[in-house]
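Chain and residue survey
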Amino acid sequence: MQIVIIILKILEIQYNKTINIFRNITQKKENYMLYKVRRADQNDHLAIETFYKDALPHIDPIQTSWIPGVYPHISDALVAVLKDEFFICLDEKGVVVGSVILNTDSQEAYKALNWSKSSDESDQKSLVVHTLIAHPKRLNQGIASQIIDFIKMFAVKNNMYAIRLDTLVDNVPARRLYEKNGFAYIGRYDLPSFDNQG
């Protein structure tokens, strides 16, 4: 198995743009297919397992640094469901086509970066995005962008100061997606691989 060194790109949205966020989301809704993003519950276990089994084999582990069978893993998703931290994106037929984990848990490396406002208080008020997945067989259909818009609204409604996330430095499609959706580059940092071997 190839050992991957994960390089972080930390991204942040400042909430002095709150009005623009809502305006842009409202304008975009007309262009979306009929997707709905909501918090998952225990009744969604089978649908989430089906989504993970169908989607994960098609995700490039070199581009994402994700390790098949290690991360992301269905057990992590189901634990996030129990914690009310797992959200799913459903198409017009009710099929799960995307997912994300949202909480305030961040890597230790986040603390080493120079945020525009850095304190323990702001760290607690930052929403952290984990494991955002849009089904690889349905790329360029607005799934990831709709999930990101949901994340922005969720953060504002929950009085978060910022949204923070990371991606592998070479994951150009993800970086373009985040930049297109208003995120800004903060810095990069090395992390160990998901299997702790690199």
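Just above sits the structure.
This text gives an overview of the structure that appears in the document. (Residues numbered from 1 in each chain as written. Predicted model: local features only at pLDDT ≥ 70, side-chain atom pairs only at ≥ 80, totals over all residues. Heavy atoms only, no water.)

Now for the pairing of strand β3 (residues 86-90). Burial within β3 is extensive, with 5 of its 5 residues counted as buried. Side chains of β3 alternate between two faces, with Phe 86, Ile 88 and Leu 90 and Phe 87 and Cys 89 buried alike. Sheet topology note: the strand β2 (residues 36-39)/β3 ladder contains 4 bridges and is antiparallel. The residue of β3 that forms the bridge with Lys 36 is Leu 90. The pairing of β3 with strand β4 (residues 96-103) spans 5 bridges and is antiparallel. Considered in β4, the bridge of Leu 90 is made with Val 96. (Buried < 20%, exposed > 50% of the residue type's maximum accessible area, 1.4 Å probe, protein only. Helix = DSSP H or I, 4+ residues; strand = E, 2+ residues; numbered from the N terminus. Pairing = 2+ DSSP bridges.)

Where helix α2 (residues 45-55) is concerned, the buried positions are Ile 48, Phe 51, Tyr 52 and Ala 55. Down the axis, α2 shows its buried residues gathered within 95 degrees of arc, on one side only. For α2, the exposed residues set more than 90 degrees away from the buried face come down to Leu 46 and Lys 53. Structurally, α2 contributes buried residues whose contacts are with α4 (74-82), β3, β4 and β5 (126-134). (Arc of directions from axis to C-beta. Contact = heavy atoms within 4.5 Å.)

Glancing now at unusual backbone geometry. Cis geometry marks the peptide bond from Tyr 71 to Pro 72, where omega comes out at -5 degrees. Secondary-structure assignment places Pro 72 in the loop between α3 (61-64) and α4. One non-glycine residue, Thr 131, lies in the positive phi region at around 50 degrees. Structurally, Thr 131 is set in strand β5. Classification of Thr 131 by relative accessible area gives buried; the value is 10%.

A word on the packing of aromatic side chains. Note on aromatic pairs: each is described by the distance of the centres and the angle between the planes. Counting across every chain of the model gives 7 aromatic pairs. Look at Phe 87 and Phe 154: their rings are 5.2 Å apart centre to centre, the planes differ by 70 degrees, and that puts the pair in the edge-to-face class. Within this pair, whereas Phe 87 is found in strand β3, its partner Phe 154 is found in helix α6 (residues 143-157), the two being separated by 67 residues in sequence. One exposure class covers both Phe 87 and Phe 154, and it is buried. Put simply, the rings of Phe 51, Tyr 52 and Phe 86 touch in pairs and so form one group of aromatic residues. (Phe/Tyr/Trp six-rings, centres within 6.5 Å; stacked < 30°, edge-to-face > 60°.)

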